[in-house]
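# Results of the structural survey
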Amino acid sequence: MSVALVSPLASSSMRQEPLRVMVVDDSVVIRGLISRWIGSEPDMMVAGSLRTGLDAVNQLERINPDVAVLDIEMPELDGISALPQLLAKKRDLIIIMASTLTRRNAEISFKALSLGASDYIPKPESTREASAAEIFHHDLIQKIRSFGAKLRRGVPAAPSPALVPAPGRSREPSFRLQPSPVAQPQLVRRAFSIQAPRVLLIGSSTGGPQALMSLVGELGPVIDRFPVLITQHMPPTFTTILAEHLARSSRRPAREAIDGEIVKAGQIYLAPGGRHMRVYRHGADAVIALDDGAPVNFCKPAVDPLFTSAIEVWQGSIMSVILTGMGSDGTRGGKDIVAAGGSVIAQDEATSVVWGMPGAAANAGICAAILPLNQIAPKLVRLFSGDRS
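A brief report on the enclosed structure follows.

## Quick word on the sheet that holds strand β12 (residues 318-322)
Here 7 strands make up an open sheet; going across it, the order is β8-β9-β7-β6-β12-β13-β14 and the pairing parallel. Of all the strands in the sheet, the pair left with one neighbour each is β8 (254-256) and β14 (369-371). In this sheet, adjacent strand axes meet at a mean angle of 20 degrees when their direction is disregarded. In this structure, β8 lies alongside strand β9 (residues 268-270), joined through 3 bridges in parallel fashion. Bridge pairing links R255 to Y269 in β9. Sheet strands in contact with helix α7 (residues 208-216) are β6 (199-204), β7 (228-232), β9 and β13 (343-347), and its direction is about 165 degrees off that of β7.

Right under this line is the structure:
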């Protein structure tokens, strides 16, 4: 049974030409599966189904895709080698890397993001596992649709800062295409909480690894004095590597959270892939609880469980940030945080890869600030130092 994917984007895009998607994978089974899914959507079409990266590079002009789903491991020319060649031929091509959940492939996916890929998606080990195939189906179609909508609106390609800045180089995000200002309606802003924040919670999804690298590199004064807990929509293995990158970028301890450990200042805790991260109070301590329950908002880990559970521990002394990502995860938890007396900051549309999660929070009227990525860390440093403006 397939998940019905109903979206305003789909109905509006039916009045336009369908998104042209190129599927590149050496597995005939995977190519056929993805092609069937895409072909069943009214707002997208399979423009090409190819076996190798070399075929993709050679046939790019003929196929002229809007989006490419690019496998990593292929004969003749693999995905990471084909990626820069494809972007050299078509600068605005949206490329979604696809790979199985191995450490090597996870590392390559991170590298691909720094080279200009828009996103990645993990492939299930076996398409015979119904739940894994269904999640893959849902996530892939949503990613194609979200990126396609942004492309059709003429919004430039999203920020793609290097995951590990070179020594001596600025940590400001580097853009594949310089974003032009995005006109936004007047959004309601709330005053920041009068309570001093005692914890920083961050939620992110599509584009989140790049955004997190940039953000934590400037948060040293906050991390040193307060705990930082992060939920990034990401599968197992990928979160292990993301934690390593966060540690290098922040020059502070960062790792996947461990069930039952006490939350302390000076540490970045990352929700491990495939498990929700919550917190609870035990005596005077805040303690991590990892949950193997059902996905929330199609995600596991999800942001809402972390945000909502933190209220029991820190009440209104919570500063939360919602970064780039698809969907609306974080908005319900953000509403709970605001109702308890805490504050929410959202990343703005111009610097978001996809303005789904932060946009949902902004439009819900729960944000005290909606900021470009490079302004969020300085704002947090001021807020945690006592500035409530």
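## Quick look at the packing of aromatic side chains
Taken as a whole and judged by the stated rule, the model has 4 aromatic pairs. Linked through ring pairs, F110, Y120 and F238 together constitute an aromatic cluster. Of note, K143 hangs over the ring of Y120, and the distance from its end group to the ring centre comes to 5.9 Å.

## Points about the nonpolar core
Counting 64 residues, the largest nonpolar core has L86, L200, L246, I345 and L380 as its most contacted members. Here this core gets 6 residues from one element, more than from any other, and that element is helix α13 (residues 373-384). The contact partners of L380, leaving out residues within four places of it in the chain, are L200, L215, L219, V222, M319, V321 and I345.

## Re the sheet that holds strand β1 (residues 19-24)
Taken in spatial order, the 5 strands of this open sheet run β2-β1-β3-β4-β5, and their pairing is parallel. The sheet is open, and its two edges are formed by β2 (44-50) and β5 (119-122), each paired on a single side. Within this sheet the neighbouring strands show an average axis-to-axis angle of 25 degrees, counted without direction. Across 4 bridges, the pairing between β1 and strand β3 (residues 67-71) is parallel. What sits directly across from V21, in β3, is V67.

What counts and how
Residues numbered from 1 in each chain as written. Predicted model: local features only at pLDDT ≥ 70, side-chain atom pairs only at ≥ 80, totals over all residues. Heavy atoms only, no water. Pairing = 2+ DSSP bridges. Helix = DSSP H or I, 4+ residues; strand = E, 2+ residues; numbered from the N terminus. Axes fitted to C-alpha atoms, helices over the stretch in contact; angles between N-to-C directions. Contact = heavy atoms within 4.5 Å. Phe/Tyr/Trp six-rings, centres within 6.5 Å; stacked < 30°, edge-to-face > 60°. Lys NZ or Arg CZ within 6 Å of the ring centre and 35° of its normal. Core = buried A, V, L, I, M, F, W, Y, C linked by side-chain atoms within 4.5 Å. Buried < 20%, exposed > 50% of the residue type's maximum accessible area, 1.4 Å probe, protein only.

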